[in-house]
Each structure stands twice: as C-alpha cells, then as structure tokens.
Amino acid sequence: MDISVGPSEKTREEPMSDALQQEIAVVHHDHKILESREAYGPPGFRGLFHSHYVALCAAFSAMGGLLFGYDQGVVSVILVMPQFLDRFDRVSEHASGAGFWKGLLTAMIELGALLGALNQGWIADKISRKYSIVVAVCIFTVGSILQTAAVDYAMLTIARFIGGIGIGMLSMVAPLYISEISPPEIRGALLVLEEFSIVSGIVIAFWITYGTQYISDEWSWRLPFLLQILPGLILGIGIVFLPFSPRWLASKGRDQEALESLAKLRQLPTTDTRVLQEWYDIRAEVAFKKEISCERHPKLQDRSKTSRIKLEIASWIDCFKRGCWRRTHVGIGLTFFQQFVGINALIYYSPTLFEQMGQGHSMQLILSGVLNITQLVGVTSSVWTMDRFGRRPLLLYGSAAMFVSHLIIAVLVGKFSNDWHNHRPEGWASVAFLFLYMLSFGASWGPVPWAMPAEIFPSSLRAKGVALSTCSNWLNNFIIGLITPPLVQNTGYGAYAFFAVFCLLSLVWTFFFVPETNGRSLEQMDHVFKDFSNEEDEARRLRIEQEILQSK
C-alpha cells in the first residue's frame, strides 16, 4: 500500500473515477455506516502502532494534561511542608480558619480553569485548535513564574488563579484537537492519553516534591513550581509544527487544506477511498450544520460585527436546543460525576485521609504516592479497554466498584477511627479499599469523561460543547476543593458516605442516559443520539452528501 503523505498537485486535481464515487456513495446512503465503512486499521491498542503518526500528534498535544496533573500532585505534598507553612502560616493546621484558606488556595486554580475553559471555546474556533494551545501555554507560564516568586498568601492565590486559566484552556482544547484528528478505531485509546498525562503529571510532581521536601530552605516548594514551566514551553513551541485539525479547516471553508491535513494524519494519499470518504463526511457535516444555523438565525448572516457577536451567543444557546441538548446533558453530567465520586478529594488531601486511617507522617506521603501510581495503572488499562469494550461498560462497572469501596471505608472509619492503634488490620483494610477505588476510577471515570465530550458534539458546536463540559469539570472541582477540608475535618467517615452516594447515582444516571460511541466517527453521532428528529432532516443530509459527491 502507498503510505506517502499525499500525491502530486496533478493527482489532486484529477476527477474522481465513477467507480470510486459509486463506492463512497453506497456508504453515504446506508445508515448503518459502522458496518460498511472500511477501517484505517485495527481498533484499540493495536491500532496505535498502525496509525503511529496521529498517535504521536495526540500524545504530544496531551502534554497539556501533564501540566494540570503536575499542579495537583505538587499541592498535595507542599500543603504539609514545614518550609511552606512557615511562609504561608495562614494554611497551617493551628491557624484560625485554616481549613477554609487551604481549600481556597487549592480551589483557586479550578476557578481560573473554569474561566479559561469557558473562553477557550470561541478562541479555538477563531484562531484554530493548535494556536489556542500556544495562547494557553503563555498564560500558564506567567502563572508558574508568579507561583515560584510568591512572597505572601495573596500573591500565591492570584498566581494560582492565573495559572489555572492556562490549565483550563489546555484541558478543553487538547481533547478537542485529539478527537478531531483521530480515526474512529483508535479515538478512544488516543483520548485516554489526556487522562494518562494528567495522572502521569500527578505521579511525577508527587515524587519530585517528596524529594525536594528535604531541602531546608524555601526552594523545597519553589523548585517544583519552577520545573513545571519546562514541559509547558516544550508544548507551546512544538505544537506549532503539528497539522491543523482537518475538521477546523473544513469549518472555515478551507476544504482542500482539510483534505491534505487529513491525508497527512492518516499517512495515506489524498486519493485513498477511506480518506476521501472521511473528507466527504466532514464536509457534509459542516454544510448540514451551517444550513441549520441559517434557518435558526436568518437575520444574523450578514457578517457584520454585531451579527457575529449575536451569532456567537446564539451558538452557545444552541447547545441546549433540539439537536444538541442530549449531548450537552451527557457531557456536563459526565464531568459532574467525575468530580463528585470523590477523586480530587483523595488526590489533594490523601495525606490527611491516611492520617485519619492511623498512618504515620512518612507512611502518609509514601502511600499517597503509591495511590497515584495505582490510578496510573488503571488509566493504562483503559488504553486497551476503551475501544475493546466501549465507554458505557467501563462507566457502569467503575461506578459499582467505587460505590462498594467508599461504603466499606465509611463503615471502617466510622467504627474504628477513634482507636486505630488497637485496630491496625481494619486501618490497613481501609487503605486497601482506597487503592481499589483509585484503580477502579483510573480504569473508568478517569478517562471516559475526558474522552466522550470531545467526540459527541456536532462540528459547528464541538468547541463550545467541549468548553461547557470542561467548565462543568472545573466548577465541580472547585466546589469539591472547598468542601472537602471541612467535610473531612468535621464528619470523618461522612466524607466517604457522601461520595458513595454519588457513585451510586452515577451508575443509575449512566444506565439511563449515556449511549455507546465506540467505533463511530464524529460525523455519525447524530445517529448515536438520534438527533435526526424527522424525515426532513434525513433528506437534507442525504441531499448535501449527494451535492458534495457530484461536485467532484
């Protein structure tokens, strides 16, 4: 097979043969697209080696997740460093209102990320997915420099807010870019790279800060903040050399560039049937959504500045209207439950939780580090299982395992927390179920809520839909960061019971509302969510496909 990036200009201009056009047309008129579409390669983990170029592009762009995870891992250890507490005594356990100030410091990055993710939707649509990553890295770098140089609580809090804006922008656009460049067979495995990078960042940062805690002066906590600038700069510079998203190019009317970008990502010539079929699907999706937009907002198509602003606002509102509201519900719901099953409470405050289970200071930190490695093991498994078993089964089994773990921990902590010294086996049993929880989360609710929102929205609303889903993640992350310290401090086992309830609710919600997207192309999500509301929409889509096919 010819694996060249693309043919000559002469080849590109040659009209498509009747046989090839007929072959593609058959696929477009069969609604069971999955059964007739020719695959680019094997699905799941094996497909990563077959589509190595796009896998490398996805892995590099997922470095944004590394920055997010690194910050989480840094904070969990720094908050208990004596050198840090000497400078910022407001968050020491003996200070008045320490629980609130600690929660605020932790949560400021989520508040900044909420603002960053919300604005990244229109930025990514305006200047492209990859250039918006450059903007995000610049903001993140400024925040990192300010955190490294912080001299008081107010400066550190503002610095974390600024850094959070950059992290929020990256957390929104990286999965978006990955989903738009990935072939359907391995999209799930590639989207797992975002969560894999997040957890890798947590593990790396934790063990770096575990080592720097032995530095006697303030560089014990300043150095970890400084080091996070390096991967950010590598991402910001390197992303410029990656291809544009072919779907973003098509949305801007740059169809030929979209074809060339798609061929480069697939490492196939532009005349390959599979590449052409995907290209036509992308163009048909764009044309279909533009027609719908023109019908819904006929007075906003004159391209004036006022109309463009009104159309931008209207497109956000369209995420909650017919044809998209089911997807918005699923995207926001997934990221809501991802936080309320308790994961970041365990990451941020795991040393405190292990202390509650009767462990000494050194063992608290070691167990927290191993806990993060356990999550990484779970995430690694999903690189294979995401495309092998699908998204929905992972969520259902993950919810069940997390519910059982939280429930048992709540019972053990409630019964024995006042006398762990005489109940060491029960303390270690609590630790074991905490590890089971982390493994289950890493294999299910860790990667899936990052993967699904990036693949379910239509092209015209994808950036905004992913932005809304990511905002839900950060808003709920912010809430969890604020409520966890007083919840743990004042209720003990109640924190685990609280999260157990939400684990159970996540199982019920997933069962009734979350469809399976495994193996479907981004352009097939209308069928998955049954958003062709009537025969007129079906006929319109087929007409557009025919027009595109006949234009070649």
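Not measured: the values here are computed from a predicted model.

(A) Up close: the pattern of salt bridges. Applying the stated criterion to the full structure yields 22 salt bridges. Taking the shortest distance from any N to any O, the salt bridge between Arg222 and Glu218 comes out at 2.8 Å. Using a relative accessible area of 10% as the deciding quantity, one classes Arg222 as buried. A relative accessible area of 23% means that Glu218 is categorised as partly exposed. Among the salt bridges present, the one from Glu312 reaches Lys464, with a minimum N-O distance of 3.3 Å. Residue Glu312 is located in helix α17 (residues 305-318), and its partner Lys464 is located in helix α25 (residues 462-491); the two are separated by 152 residues in the primary sequence. What makes Glu312 partly exposed here is its relative accessible area of 27%. The exposure class assigned to Lys464 is buried, which follows from its relative accessible area of 4%. By sharing partners, the salt bridges in this structure join Asp125, Arg129, Glu180, Glu312, Arg462 and Lys464 into a single network.

(B) Up close: the side chain of Gln120. In this fold, Gln120 is placed in helix α8 (residues 98-127). Within the structure, Gln120 has its side chain in polar contact with the backbone oxygen of Met169 (distance 3.3 Å). Residue contacts for Gln120: discarding those within four places in its chain leaves Ser132, Ile133, Ala136, Met169, Met172 and Val173.

(C) Examining the nonpolar core more closely. Grouped together as the largest cluster of nonpolar side chains are 97 residues, with contacts concentrated most on Met172, Leu190 and Trp445. The leading source of residues in this core is helix α10 (residues 153-181), at 10 residues. Excluding residues within four positions of it along the chain, Met172 makes contact with Ala117, Gln120, Gly121, Ala463, Val466, Ala467 and Thr470. The next biggest cluster of nonpolar side chains, apart from the first, holds 23 residues, and it includes Val75, Val91, Leu104 and Leu105.

(D) Here's a closer look at α25. Over its 30 residues, α25 extends 41 Å from the first C-alpha to the last, a length consistent with the 44 Å expected when each residue adds 1.5 Å. Taken as a whole, α25 carries its principal kink of about 35° at Ile483; the proline Pro485 stands between one and four residues after it.

(E) Region of the structure containing the packing of aromatic side chains. For the structure shown, the criterion picks out 26 aromatic pairs. Considering the side-chain rings of Phe336 and Phe340, the 4.7 Å spacing of their centres and the 20° angle between planes classify their relative orientation as stacked. Here Phe340 and Phe336 lie together in helix α18 (residues 325-340), a separation of four residues that amounts to about one turn. Note on Phe340: relative accessible area 7%, which makes it buried. Note on Phe340 and Phe502: the rings are 5.0 Å apart at their centroids and 50° apart in plane angle, and the pair reads as tilted.

(F) Seen up close, the confidence of the model for the chain. A residue-level look at the chain finds 89% of positions with pLDDT of 70 or above and a mean pLDDT of 84. Within the model, pLDDT remains below 50 along residues 1-15, and this stretch shows 23 contacts once partners closer than five positions in the same chain are excluded. Taken together, the stretch residues 22-35 has pLDDT below 50 and engages in 27 contacts with residues farther than four places along the chain or on a different chain.

(G) Quick look at unusual backbone geometry. Even without being glycine, Ser128 reaches a positive phi, approximately 100°. In this structure, Ser128 sits in the loop between α8 and α9 (129-148). Under the relative-accessibility criterion, Ser128 is labelled buried at 0%. Located in the positive-phi region is Gln267, a residue other than glycine, with phi close to 55°. Looking at where Gln267 falls in the secondary structure, it is placed in the loop between α15 (255-266) and α16 (273-296).

(H) Quick peek at helix α13 (residues 229-238). Within α13, the full set of buried residues consists of Ile229, Pro231, Gly232, Leu235, Gly236 and Gly238. At its buried positions, α13 is contacted by α5 (52-61), α6 (63-78), α9, α10 and α12 (219-227).

(I) How the structure looks around the packing of α8 against α25. Their axes nearest at 8 Å, the elements α8 and α25 cross at an angle of 175°. Taken together, the axes of α8 and α25 lie roughly antiparallel to each other. The segment α8 lies against α25, with Gly99, Gly103, Leu104, Ala107, Glu110, Leu111, Ala113, Leu114, Ala117, Leu118, Gly121 and Asp125 engaging Ala463, Lys464, Ala467, Thr470, Cys471, Trp474, Leu475, Asn477, Phe478, Gly481, Leu482 and Pro485. In terms of residue class, the contact of α8 with α25 is made up of 15 nonpolar, six polar and three charged.

(J) Representation of the environment of His50. Within the secondary structure layout, His50 lies in helix α4 (residues 44-50). Under the relative-accessibility criterion, His50 is labelled partly exposed at 48%. The sequence separation of His50 and Ile186 amounts to 136 residues, and the corresponding C-alpha distance is 9.9 Å. If we ignore the near neighbours within four places in the chain, the residues touching His50 are Tyr40, Gly41 and Pro42. Separated by 3.4 Å, the side chain of His50 and the backbone oxygen of Tyr40 make a polar contact.

(K) Seen up close, a nonpolar patch on the surface. There is a patch of nonpolar side chains on the surface, built from Trp207, Met363, Ile366, Val370, Ile373, Val377, Trp428 and Leu439 and spanning about 610 Å² of accessible area. Of all the secondary-structure elements, those providing two or more residues to the nonpolar patch are α20 (361-389) and α22 (424-443). Relative to the helices and strands, Val377 resides in helix α20. Under the relative-accessibility criterion, Val377 is labelled partly exposed at 48%.

Criteria and cut-off values
- Residues numbered from 1 in each chain as written.
- Predicted model: local features only at pLDDT ≥ 70, side-chain atom pairs only at ≥ 80, totals over all residues.
- Heavy atoms only, no water.
- Salt bridge = Lys/Arg side-chain N within 4 Å of Asp/Glu carboxyl O.
- Buried < 20%, exposed > 50% of the residue type's maximum accessible area, 1.4 Å probe, protein only.
- Helix = DSSP H or I, 4+ residues; strand = E, 2+ residues; numbered from the N terminus.
- Polar contact = N/O pair within 3.5 Å; in protein donor to acceptor, adjacent residues only side chain to side chain.
- Contact = heavy atoms within 4.5 Å.
- Core = buried A, V, L, I, M, F, W, Y, C linked by side-chain atoms within 4.5 Å.
- Expected span 1.5 Å × (residues − 1).
- Bend = angle between axes of the 7 residues up to and from the residue.
- Phe/Tyr/Trp six-rings, centres within 6.5 Å; stacked < 30°, edge-to-face > 60°.
- pLDDT = per-residue confidence, 0-100.
- Axes fitted to C-alpha atoms, helices over the stretch in contact; angles between N-to-C directions.
- Parallel < 35°, antiparallel > 145°, perpendicular 65-115°, else oblique.
- Nonpolar A, V, L, I, M, F, W, Y, C, P; charged D, E, K, R; others polar.
- Patch = residues over 30% accessible without salt bridge, like charges linked within 9 Å, V, L, I, M, F, W, Y side chains within 5 Å.
- Areas by Shrake-Rupley, 256 points an atom, 1.4 Å probe, with all protein chains shown as cover.

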